[in-house]
Amino acid sequence: MDLRFVLDPDLTPELRDQIVALWVDVTNAGGAVGFVAPVTADEVRPVAASTLDEVADGPDRLLVGYEGERPVAVLVIADNRFHLKTHWRVLKRVMVHPDTQGRGHGAALMREAERISRELGLAALHVTVRDGLGLDRFYKRLGYREIGRLPAALRLSPTDARDEILMWLDLTT
């Protein structure tokens with residue numbers, strides 16, 4: 001099933017709950033979206049509320065991919081909040097529901113974010129990736145290139161520290 005994308009949907013209580021549920025499901029399936037499994041809705045809800053408030057109040061933008069009426073893919077196009085970087089955005093909280101993975105939804109979500117960003121006249125997109133999951137290969141296939149690493153920047157547990165990979169997509173070409 002194809003995705004229907006909506007930029008900046010109305011952040012109803014129902015959609016907020018659906019995004020929290022998606023976030024929990026993605027994390028508990030091993031996704032790298034700011035938490036380490038296992039996680040509960042009660043743990044995710046405050047971070048999600050803060051993230052979605054920055055969308056509702058600006059300056060961030062929310063892109064949601066729907067299968068029918070169900071949100072199955074989400075990302076935030078985040079403003080850098082620095083006047084010298086207004087031509088760039090950071091993609092955060094890139095999520096595709098685990099039971100829909102393998103259908104090209106992740107690539108479609110990223111391509112839609114790229115299309116919107118080009119339409120907005122942006123020069124580049126930046127994404128950070130947790131090492132050890134192969135996510136960098138996914139982004140490389142979409143044209144992103146690795147521009148650096150922060151060694152052991154992400155501490156998942158006392159014995160598991162991962163590099164944070166910095167990736168960038170030039171939108172001017």
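Our structure is the block above this text.
My aim in this report is to walk through the structure given alongside it, one point at a time.

Conventions we followed
Residues numbered from 1 in each chain as written. Predicted model: local features only at pLDDT ≥ 70, side-chain atom pairs only at ≥ 80, totals over all residues. Heavy atoms only, no water. Salt bridge = Lys/Arg side-chain N within 4 Å of Asp/Glu carboxyl O. Helix = DSSP H or I, 4+ residues; strand = E, 2+ residues; numbered from the N terminus. Buried < 20%, exposed > 50% of the residue type's maximum accessible area, 1.4 Å probe, protein only. Pairing = 2+ DSSP bridges. Core = buried A, V, L, I, M, F, W, Y, C linked by side-chain atoms within 4.5 Å. Contact = heavy atoms within 4.5 Å. Lys, Arg positive; Asp, Glu negative; His and termini not counted. Axes fitted to C-alpha atoms, helices over the stretch in contact; angles between N-to-C directions. Parallel < 35°, antiparallel > 145°, perpendicular 65-115°, else oblique. Left-handed = near helix turned anticlockwise from the far one by under 90°.

### A short note on the pattern of salt bridges
The final tally for this structure, using the stated rule, is 16 salt bridges. The salt bridge involving Asp8 is made with Arg61; its shortest N-O contact spans 2.4 Å. Remark: Arg61 occurs in strand 2 (residues 61–67) and Asp8 occurs in the loop between strand 1 (4–7) and helix 1 (13–28); sequence separation between them is 53 residues. The partly exposed category is assigned to Arg61, whose relative accessible area is 28%. A salt bridge links Asp42 to Arg45, with the nearest nitrogen and oxygen atoms 3.1 Å apart. Here Asp42 pairs with Arg45, and both are found in helix 2 (residues 41–56), just 3 residues apart, close to one helical turn. The class of Asp42 is exposed, set by a relative accessible area of 61%. Of the residues examined, Arg45 reaches a relative accessible area of 37% and is grouped as partly exposed.

### Some thoughts on the pairing of strand 5 (residues 124–130)
With 6 of 7 residues buried, strand 5 lies mostly within the body of the structure. Inspection of the sheet shows strand 4 (residues 88–96) paired to strand 5 by 3 bridges, in the parallel sense. Its bridge partner lying in strand 5, Val90 is registered against His126. Pairing of strand 5 with strand 7 (residues 160–170), which is carried by 7 bridges, proceeds in the antiparallel orientation. Along strand 7, the bridge assignment pairs Leu125 with Leu169.

### Observations concerning the nonpolar core
Of all hydrophobic cores here, the largest spans 24 residues; its most connected members are Leu75, Leu91, Met110, Tyr139, Tyr144 and Met167. Sorting the residues of this core by element identifies strand 3 (70–78), strand 4, helix 3 (105–119), strand 5 and strand 7 as the ones contributing at least two each. Here this core takes 5 residues from helix 3, the largest share from any one element. The residues contacting Leu75, other than those within four sequence positions of it, are Arg61, Leu62, Leu63, Leu91, Lys92, Arg93, Val94, Leu109, Met110 and Ala113. Ranked by size, the runner-up nonpolar core spans 23 residues in total, among them Val24, Val26, Val39 and Val90.

### Some words on the side chain of Asp136
Within the secondary structure, Asp136 is located in helix 4 (residues 135–141). Nearest to the buried, unbridged Asp136 among oppositely charged side chains is Arg149, at 4.2 Å. Each residue touching Asp136, except ones within four places of it in the same chain, is listed here: Val129, Arg149, Ile165 and Met167.

### Some thoughts on the packing of helix 1 against helix 2
Two elements in contact, helix 1 and helix 2, have axes whose closest approach is 9 Å; the angle formed by their N-to-C orientations is 125°. The pairing of helix 1 with helix 2 is recorded here as oblique in orientation. For the pair helix 1 and helix 2, the crossing hand works out as right-handed. Where helix 1 abuts helix 2, its residues Arg16, Ile19, Val20, Trp23 and Val24 lie against Ala41, Val44, Arg45, Val47, Ala48, Ala49, Thr51, Leu52, Asp53 and Ala56.

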